[in-house]
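# Descriptive analysis of the structure
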Amino acid sequence: MSLRQNLGQQQTQVQKLAMTQRMQQSIRMLKFNADELQNYLKQQELENPFIIVNPRQDKNASANVVSASQVANSDTDWTEFTSSRQGQSLFDYLLDQVHLTMRKTPLRGWVIFLVDHLDSNGYLDLDLDQLLESDLIDKTTLIDALTLLQNLDPPGVGARNLQECLILQARDDKDAPLYTTDVLQDDFEIFIDRQWKPIAHKYEISLGQVQEILDYIQTLSPAPGSEYSQEEVGYIQPDLILQNDQEKELDVKATKQTMPKVVFRDKYFQEMLNNNDPQVKAYAENKKKEFAAIYRDIEQRGSTLLRVGREIVKRQKKFLLDSSKPLVPLLLRDVANTLKLHESTISRTVNGKYLQTPHGVYELKYFFSQAVNYSTEGTILTANDVKARIKAEIMAENKLKPLSDQKISKLLANEGLELSRRTVAKYRDQLNIPSSSQRKKYS
């Protein structure tokens, strides 16, 4: 084999490997729910000096600011506005600390207001400049409230960006290496660019001590709120929002969780390209390629989610306009064929992604249900319809003499719905309803 042929084969293998890695990253990005995507981007921001994660401001942000007017009343108890959240979530954990450490004053009300505007990672998702412009709060009070928030546990909570998050964690940690906070505060950009020698020279420390600072910072969390189980939180952040005009035309829009804004620091990149060190230039070029891949995958993820969401809305329009209407049977392959996408792509898109509607928030996979042709009346029923019929029979049963699966099968047959005992048992299990012997109550 000639050298040229050998090099050609090696180049092809490298290209295939790179393509496989890009595809895997794209697939992983599509599978992420809103919280997982934010965690991933925060980690990329920490590892890539050219990436800035700056989610777009929600158009409804001003509505949140207006609601802050209630804080000015010292008699206002903000727990009344947030009591719907259940379980020991990040919100509840912080609220407990506020009540245990702060007297009931307007300042405490503002701290709770800020807590209510933290995202699932513990970052403050609020435009403070816009809040000040509203004249609802003065700058001193806002700074005091923010300081109190940022002194709560877990360390790093209430930060507005990654740099501040790391500083908050390091500043009061007695185990933090010498000059850690100073480096994060004053030399963050050159530090994440791994320019060790200027840092060592500035603080008159050895490269080994700089390495200790690096090792320590890597132990800090870029998302301090993520350790709290989101499953216990009584609310979720929707990925899509249903829009309905006066002509009852439905559409969806993406939220900022679905389409976060990722910015490339081009000026800093150009500075590194002007460096005479070829390794620095190669590093900069590599990080730019990483940014481009992440940016492309975010755009593709958002585009796919919007396309799938719009197709679901189109198919389930009657239900979305009136929740008393039944869902129509819909399979993953139906949407896949229409959008000319793979069925597995639709599956990844609808799992863990949510649509906000006027009558509730639904996981996208909720709208998919297989047709069940068991009705002797010729009516097409979905699996959800059948489960609802089974559940209704069980809810109406005599608790002292609960219905067996066979008895439910006969009752449904009398109503025109023919199901075998085995099918009834399968659907009952899916409803998490115990068997008749387990449901029996004794007088």
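Right, let's walk through the structure included here. (Residues numbered from 1 in each chain as written. Predicted model: local features only at pLDDT ≥ 70, side-chain atom pairs only at ≥ 80, totals over all residues. Heavy atoms only, no water.)

Attention now moves to the overall build of the protein. What the protein contains, in helices and strands, is 21 helices and 8 strands. In the protein, which comprises 443 residues, the share counted as buried stands at 42%. Sequence-distant contacts in the protein: of pairs separated by 6 or more residues, those separated by 24 or more amount to 64%. For the protein, the accessible surface area stands at approximately 24800 Å², while carbon and sulfur atoms represent 48% of it. (Helix = DSSP H or I, 4+ residues; strand = E, 2+ residues; numbered from the N terminus. Buried < 20%, exposed > 50% of the residue type's maximum accessible area, 1.4 Å probe, protein only. Contact = heavy atoms within 4.5 Å. Areas by Shrake-Rupley, 256 points an atom, 1.4 Å probe, with all protein chains shown as cover.)

Here we come to the environment of P434. For P434, the position within the fold is in the loop between helix 20 (421-430) and helix 21 (436-439). A relative accessible area of 36% means that P434 is categorised as partly exposed. Apart from the residues within four sequence positions on either side, P434 is in contact with R428 and R439.

With respect to the helices and strands, the residue L400 is situated in the loop between helix 18 (383-395) and helix 19 (405-414). Put simply, L400 and K441 are 41 residues apart on the chain and 5.1 Å apart in space, counted from C-alpha to C-alpha.

So, about the packing of aromatic side chains. Tallying each qualifying case throughout the model produces 16 aromatic pairs. Aromatic pair F50 and F269: ring centres 5.6 Å apart, planes at 85°, arrangement edge-to-face. Separated by 219 residues along the polypeptide, F50 in the loop between helix 2 (34-47) and strand 1 (51-53) and F269 in helix 13 (residues 266-273) bring together distant segments of the chain. We classify F50 as buried; its relative accessible area is 0%. Centroid distance Y366 to F367: 5.6 Å. Interplanar angle 85°. Geometry classified as edge-to-face. (Phe/Tyr/Trp six-rings, centres within 6.5 Å; stacked < 30°, edge-to-face > 60°.)

Take the nonpolar core next. L166, L184, F191 and I217 are the most contacted members of the largest nonpolar core, which totals 25 residues. Those elements that place two or more of their residues in this core are helix 8 (162-170), helix 9 (180-186), helix 10 (188-192), helix 11 (196-203) and helix 12 (207-217). The element contributing the most residues to this core is helix 8, with 6 residues. Residues L94, V115, L128 and L131 belong to the second largest nonpolar core, which totals 24 residues. (Core = buried A, V, L, I, M, F, W, Y, C linked by side-chain atoms within 4.5 Å.)

Across 4 bridges, strand 5 (residues 354-357) lies against strand 6 (residues 360-363) in antiparallel orientation. The residue of strand 6 that forms the bridge with L355 is Y362. Between the end of strand 5 and the start of strand 6, which pair antiparallel, lie 2 residues. (Pairing = 2+ DSSP bridges.)

We now examine helix 20. Note on helix geometry: an α-helix contains 3.6 residues per turn, so any two residues three or four positions apart are oriented the same way. Those residues of helix 20 that fall on the buried side of the exposure criterion are T423, V424, A425, Y427 and R428. Looking one or two residues beyond helix 20, the residue adopting positive phi is N432, at roughly 60°.

Moving on, we get to the side chain of T357. By the element assignment, T357 lies in strand 5. A relative accessible area of 8% places T357 in the buried class. With residues up to four places along the chain from it excluded, the contact list for T357 reads L242, L320 and Y362.

Take the packing of helix 19 against helix 20 next. For the pair helix 19 and helix 20, the least separation of the axes is 8 Å and the interaxial angle reads 105°. For the element pair helix 19 / helix 20, the angle class is roughly perpendicular. Taken together, the residues of helix 20 that come into contact with helix 19 (itself represented by D405, Q406, I408 and S409) are R421, V424, A425 and R428. Of the residues assigned to the contact of helix 19 with helix 20, the class counts are 3 nonpolar, 2 polar and 3 charged. (Axes fitted to C-alpha atoms, helices over the stretch in contact; angles between N-to-C directions. Parallel < 35°, antiparallel > 145°, perpendicular 65-115°, else oblique. Nonpolar A, V, L, I, M, F, W, Y, C, P; charged D, E, K, R; others polar.)

What follows is about the pattern of salt bridges. Per the stated rule, a full pass over the model turns up 14 salt bridges. The partner of E397 in a salt bridge is K399, and the shortest N-O contact between them spans 3.9 Å. The exposure class assigned to K399 is partly exposed, which follows from its relative accessible area of 33%. In this structure, D405 engages R428 in a salt bridge whose closest nitrogen and oxygen atoms are separated by 2.8 Å. Placement of D405 in helix 19 and of R428 in helix 20 is noted, with a sequence separation of 23 residues between them. By sharing partners, the salt bridges in this structure join E397, K399 and R439 into a single network. (Salt bridge = Lys/Arg side-chain N within 4 Å of Asp/Glu carboxyl O.)

Here we take up the sheet that holds strand 3 (residues 250-254). Overall, mixed pairing links the 4 strands, which are arranged 3-2-5-6 in an open sheet. With partners counted over all chains shown, the strands left at the sheet margins are strand 3 and strand 6, one partner each. Taking the axes of each pair of neighbouring strands and ignoring which way they run, one obtains an average angle of 30° across the sheet. Across the sheet, helix 14 (residues 278-315) is in contact with strand 2 (240-244), strand 3 and strand 5; its angle to strand 3 comes to roughly 155°.

Here we come to the packing of helix 11 against helix 12. The N-to-C vectors of helix 11 and helix 12 enclose an angle of 110°; their axes lie 9 Å apart at closest approach. One element, helix 11, and the other, helix 12, form an angle in the roughly perpendicular class. On helix 12, the residues that touch W196, K197, I199 and A200 of helix 11 are L207, V210 and L214. Here the residues of the contact of helix 11 with helix 12 are counted per class, giving 6 nonpolar, no polar and 1 charged.

As far as function goes, none of this settles anything; it's purely spatial.
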